[in-house]
Amino acid sequence: EKQRAFGGAEEARSEAARANLQRRKLETQVTAANNELQQKNSALARVEAQNTALEAALASARMQHEDAVAKLHTMNAKRQRQLELAKAVAETANAFILEAAPAPQSST
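Description of the structure in this document. For clarity, every value in this text was computed on a predicted model and none was experimentally measured.

Conventions adopted
- Residues numbered from 1 in each chain as written.
- Predicted model: local features only at pLDDT ≥ 70, side-chain atom pairs only at ≥ 80, totals over all residues.
- Heavy atoms only, no water.
- Helix = DSSP H or I, 4+ residues; strand = E, 2+ residues; numbered from the N terminus.
- Rg over C-alpha atoms; globule rule 2.2 N^0.38 Å.
- Buried < 20%, exposed > 50% of the residue type's maximum accessible area, 1.4 Å probe, protein only.
- Areas by Shrake-Rupley, 256 points an atom, 1.4 Å probe, with all protein chains shown as cover.
- Lys, Arg positive; Asp, Glu negative; His and termini not counted.
- Charge placed at Lys NZ, Arg CZ, Asp CG, Glu CD.
- Salt bridge = Lys/Arg side-chain N within 4 Å of Asp/Glu carboxyl O.

## What about the overall build of the protein chain?
- Regarding its fold elements, the protein chain presents one helix and zero strands.
- Radius of gyration (C-alpha) of the protein chain: 46 Å, far over the 13 Å computed for a compact globule of 108 residues.
- Each principal axis of the C-alpha distribution contributes one length, and for the protein chain these read about 160 × 25 × 10 Å.
- Taking all 108 residues of the protein chain together, 0% fall into the buried category.
- Surface accessibility of the protein chain: about 10,000 Å² in total, with carbon and sulfur atoms responsible for 59%.
- Taken as two groups, the 15 positive and 13 negative side-chain charges of the protein chain have centres that lie 8 Å from each other.

## Focus on the pattern of salt bridges
- For the structure on display, the rule yields four salt bridges.
- Two residues, R13 and E10, come together in a salt bridge whose shortest N-O distance is 2.6 Å. With R13 and E10 both in helix α1 (residues 2-100) and three residues apart, this pair spans about one turn of that helix.
- Of the residues examined, R13 reaches a relative accessible area of 45% and is grouped as partly exposed.

## Structural notes on the environment of E27
- With respect to the helices, strands and loops of the structure, E27 is situated in helix α1.
- Put simply, E27 and L37 are 10 residues apart on the chain and 15 Å apart in space, counted from C-alpha to C-alpha.

## Remarks on the environment of Q64
- Mapped onto the elements, Q64 comes out in helix α1.
- On the basis of relative accessibility, which here comes to 54%, the residue Q64 falls in the exposed class.
- In this structure the C-alpha to C-alpha distance between Q64 and F96, which are 32 residues apart in sequence, comes to 48 Å.

Put into structure tokens, the structure is as follows:
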């Protein structure tokens, strides 16, 4: 009877040792999975930070582009007004020159 009880206790200890070994293996796997997840989360955070920085740079570039286009339109309108004014001055000057020119005389 004692020997059977001893054998049962030995078997229970052996089973407990196998369970502990299995538990340690699972804990190691969970730790490895957690470490991998932390690395992936860190990488994701870096990518998100880069994305935010790129979005800010893009917004700044768009604003600079819009400013440049607006300045270009303003400059073109100013040049157009200057061109029209120069044309009017030239036409007026031509009219004065034609009025002041002596009338052609016929040679008879």
